[in-house]
Amino acid sequence: MTTTSTASPLVRRAGEVPVSGPPELLDRFLVQSSDSGGSVTLIEHRLDPGVLAAPIHRHSREDEISLVLAGRMGVLSDDDTVFALAGDVVFKPRGHWHTFWNAGDEQLRLLELITPGGLEELFHRLGDPAADYDPETLPALVAVYGCEVDFAATMPLVELHGLRF
């Protein structure tokens, strides 16, 4: 039996969307797990040129689908690097090491559909201006959400593409 927490269509006005993160890596939470009975999360990510969204990581619980709205998205999945442009869709299945970055000269905007929902709680925590996570403390935090991070693999990617992280 599937339940949802909203009895009617949800309309979240542009000015009412919860936002977190610094201006160069902004997350807009369009549909949260609490809106969908836990089934899905929809986030708009906005990344400035050369910004890496996250260290190389993998989730044990969620699949992610990215729809590029504007810009050029670089994606690392396991050992493969691909690039996506506006209108392209990228599927990042659970259990695979991955990350993404703005590989272009303009702001990257993408919609990220995460299923099941719930991982946005981690994004809220990481986007808190008072948060001070580093390679020593981040692994324990992400483990609570069924995730792992690989900083050793991330730094060569940062250097190869001249990314900010």
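Worth saying up front: this structure is predicted, and the values here are computed from it rather than measured. (Residues numbered from 1 in each chain as written. Predicted model: local features only at pLDDT ≥ 70, side-chain atom pairs only at ≥ 80, totals over all residues. Heavy atoms only, no water.)

K.L.:
Sorry, what's going on with the overall build of the protein chain here?
P.N.:
Assigned secondary structure in the protein chain consists of 3 helices and 11 strands. N-terminal to C-terminal, the α/β element order of the protein chain is β-β-β-β-β-β-β-β-β-β-α-α-β-α. Relative to a compact globule of 165 residues, whose C-alpha radius of gyration would be 15 Å, the protein chain shows 15 Å and is just as compact. Reported as C-alpha extents along the three principal axes, the dimensions of the protein chain are approximately 50 × 35 × 30 Å. In the protein chain, which comprises 165 residues, the proportion classed as buried is 41%. The contacts of the protein chain with a sequence gap of at least 6 include a subset with a gap of at least 24, amounting to 65%. Looking at the protein chain as shown, the accessible area adds up to about 8600 Å², and 55% of this sits on carbon and sulfur atoms. (Helix = DSSP H or I, 4+ residues; strand = E, 2+ residues; numbered from the N terminus. Rg over C-alpha atoms; globule rule 2.2 N^0.38 Å. Buried < 20%, exposed > 50% of the residue type's maximum accessible area, 1.4 Å probe, protein only. Contact = heavy atoms within 4.5 Å. Areas by Shrake-Rupley, 256 points an atom, 1.4 Å probe, with all protein chains shown as cover.)

K.L.:
What's the story with the sheet that holds strand β5 (residues 63–70) in this structure? I'm lost.
P.N.:
Two orientations exist for strands paired in a sheet by backbone hydrogen bonds: parallel and antiparallel. Across the sheet, 6 strands lie side by side as β1-β2-β3-β10-β5-β8; this open sheet has antiparallel pairing. Here the strands that pair on one side only, and so sit at the sheet edges, are β1 (19–20) and β8 (89–92). Strand direction decides the pairing type here: β5 and β8, joined by 4 bridges, are antiparallel. Its bridge partner lying in β8, I65 is registered against F91. (Pairing = 2+ DSSP bridges.)

K.L.:
What should I look at first to understand the nonpolar core in this one?
P.N.:
One broad trend across soluble globular proteins is that nonpolar side chains are buried collectively. Residues L119, L122, F123, L138, V142 and Y145 are the most contacted members of the largest nonpolar core, which totals 13 residues. Taken together, the elements giving at least two residues each to this core come down to α1 (120–127), α2 (138–143) and β11 (147–149). Looking at this core, the element that brings in the most residues is α2, giving 3 residues. L25, L47, V75 and L110 belong to the second largest nonpolar core, which has 12 residues in total. (Core = buried A, V, L, I, M, F, W, Y, C linked by side-chain atoms within 4.5 Å.)

K.L.:
How do you make sense of the packing of aromatic side chains when you look at a structure like this?
P.N.:
Summed over all chains, the structure comprises 2 aromatic pairs. Measuring from ring centre to ring centre gives 6.3 Å for F83 and W101, while their planes differ by 90 degrees; the resulting arrangement is edge-to-face. Of the two residues, F83 sits in strand β7 (residues 80–85) while W101 sits in strand β9 (residues 98–102), which places them 18 residues apart along the sequence. A residue is classified by how much of its surface remains accessible, and F83, at 39% relative accessible area, is partly exposed. Centroid distance F151 to F165: 6.2 Å. Interplanar angle 40 degrees. Geometry classified as tilted. Of this pair, F151 sits in helix α3 (residues 151–161) while F165 sits in the segment after α3, and the two are 14 residues apart along the sequence. (Phe/Tyr/Trp six-rings, centres within 6.5 Å; stacked < 30°, edge-to-face > 60°.)

K.L.:
Quick question: what am I supposed to make of the side chain of E120 here?
P.N.:
Among the structural elements, E120 can be located in helix α1. Although E120 is buried, it forms no salt bridge, and the closest oppositely charged side chain is R12 at an N-O distance of 8.7 Å. Here S33 takes part through its backbone nitrogen, which lies 2.7 Å from a polar atom of the side chain of E120. Among all residues touching E120, those that are not within four sequence positions of it are F29, Q32, S33, S34, T41 and I43. (Lys, Arg positive; Asp, Glu negative; His and termini not counted. Salt bridge = Lys/Arg side-chain N within 4 Å of Asp/Glu carboxyl O. Polar contact = N/O pair within 3.5 Å; in protein donor to acceptor, adjacent residues only side chain to side chain.)

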